[in-house]
Amino acid sequence: EKSLLVTGFGYDHGAAWAANMESFKHFTDCTRGVRRLGAAAVDLCHVALGIVDAYWEYNLSPWDVAAGVLIAQEAGALVTTLDGKPYSVFDRSMIAVTPGLQGAILDSYLAPRTRRLVEEEGVDLGRWKMPEGVILDLP
């Protein structure tokens, strides 16, 4: 209830955008607020600094988040895909959340919603095409 969250909305106004709008409304009602600032890397730095408690977004590109993810992770933020899987910059969805809030934000709401988006609505949130020779070493 005391958390301040940040999200972003891409240019494609499809099913993922609509689901994110629903999430925006949901969290606006049960937190101090949700902001949309406009730059994923900066939003991730705000999580790292403790200015906001979490950032999530669908349909991100590697160049949108690479530096910000590293900074957030080094500061102790938990970074996963929106369905709770280990994150790489080639994933199309992500959340960075301060420790202790994963259950309230990801596990109880965003992960189930994201799984429905993929399984029932057919939204492709698979990895972007990775350059040849790239090997991901994820847990």
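Use the structure listed above.
Report follows, based on the coordinates. Bear in mind the structure is a predicted one, so any value in this text is a computation, not a measurement. By convention here, each chain's residues receive numbers from 1 onward along its written sequence. Given that this is a predicted model, residues contribute local features only at a pLDDT of at least 70 and side-chain atom pairs are listed and counted only at 80 or more, while totals for whole chains, interfaces and linings are drawn from all residues. Water and hydrogen atoms were dropped before computing side-chain values, which therefore reflect all heavy atoms in the structure.

### Points about the side chain of Ser3
Item 1. Mapped onto the elements of the fold, Ser3 is located in the segment before strand 1 (4-7).
Item 2. Here Ser3 is in contact with Thr31, Arg32, Gly33, Asp53 and Leu101, once residues within four sequence places are set aside. Under the DSSP-based scheme used, a helix requires at least four consecutive residues in state H or I and a strand at least two consecutive residues in state E, with every element numbered from the N terminus. Two residues qualify as a contact provided that any one of their heavy atoms is within 4.5 Å of a heavy atom in the partner residue.

### What to know about the pattern of salt bridges
Item 1. The term salt bridge refers to a side-chain nitrogen of Lys or Arg lying within 4 Å of a carboxyl oxygen of Asp or Glu. For the structure on display, the rule yields four salt bridges.
Item 2. Arg127 serves as the salt-bridge partner of Asp91, at 3.1 Å between the closest nitrogen and oxygen. Taken together, the residues Asp91 in the loop between strand 4 (78-80) and strand 5 (93-97) and Arg127 in the segment after helix 4 (102-119) connect sequence positions 36 residues apart.
Item 3. Exposure categories follow from relative accessible area, calculated using a 1.4 Å probe and restricted to protein chains: below 20% of the type maximum is buried, above 50% is exposed, and the middle band is partly exposed. Since its relative accessible area comes to 7%, Asp91 is described here as buried.
Item 4. As a salt-bridge pair, Arg113 and Glu121 come within 3.3 Å of each other at their nearest N and O atoms.
Item 5. Residue class for Arg113 comes out buried when judged on its relative accessible area of 8%.
Item 6. Residue classification places Glu121 among the partly exposed positions, given a relative accessible area of 43%.
Item 7. One salt-bridge network, in which partners are shared between bridges, spans Glu22, Arg113 and Glu121.

### Description of the sheet that holds strand 3 (residues 54-58)
Item 1. With mixed pairing, the five strands of this open sheet are ordered in space as 2-1-3-5-4. The open sheet has two free edges, formed respectively by strand 2 (33-36) and strand 4, since each of these has just one partner strand. Within the sheet, the average angular offset between the axes of one strand and its neighbour, ignoring direction, is 15°.
Item 2. Here, a strand pair is defined by DSSP locating no fewer than two bridges between the strands. In the sheet, strand 4 pairs with strand 5 via three bridges, with the strands oriented antiparallel. Bridge pairing links Thr80 to Ile95 in strand 5.
Item 3. Note on geometry: axes are lines fitted to C-alpha atoms, helical ones only across the stretch in contact, with angles between N-to-C directions running from 0 to 180 degrees. Against the sheet, helix 2 (residues 40-49) engages strand 1, strand 3 and strand 5, with an angle of about 155° to strand 3.

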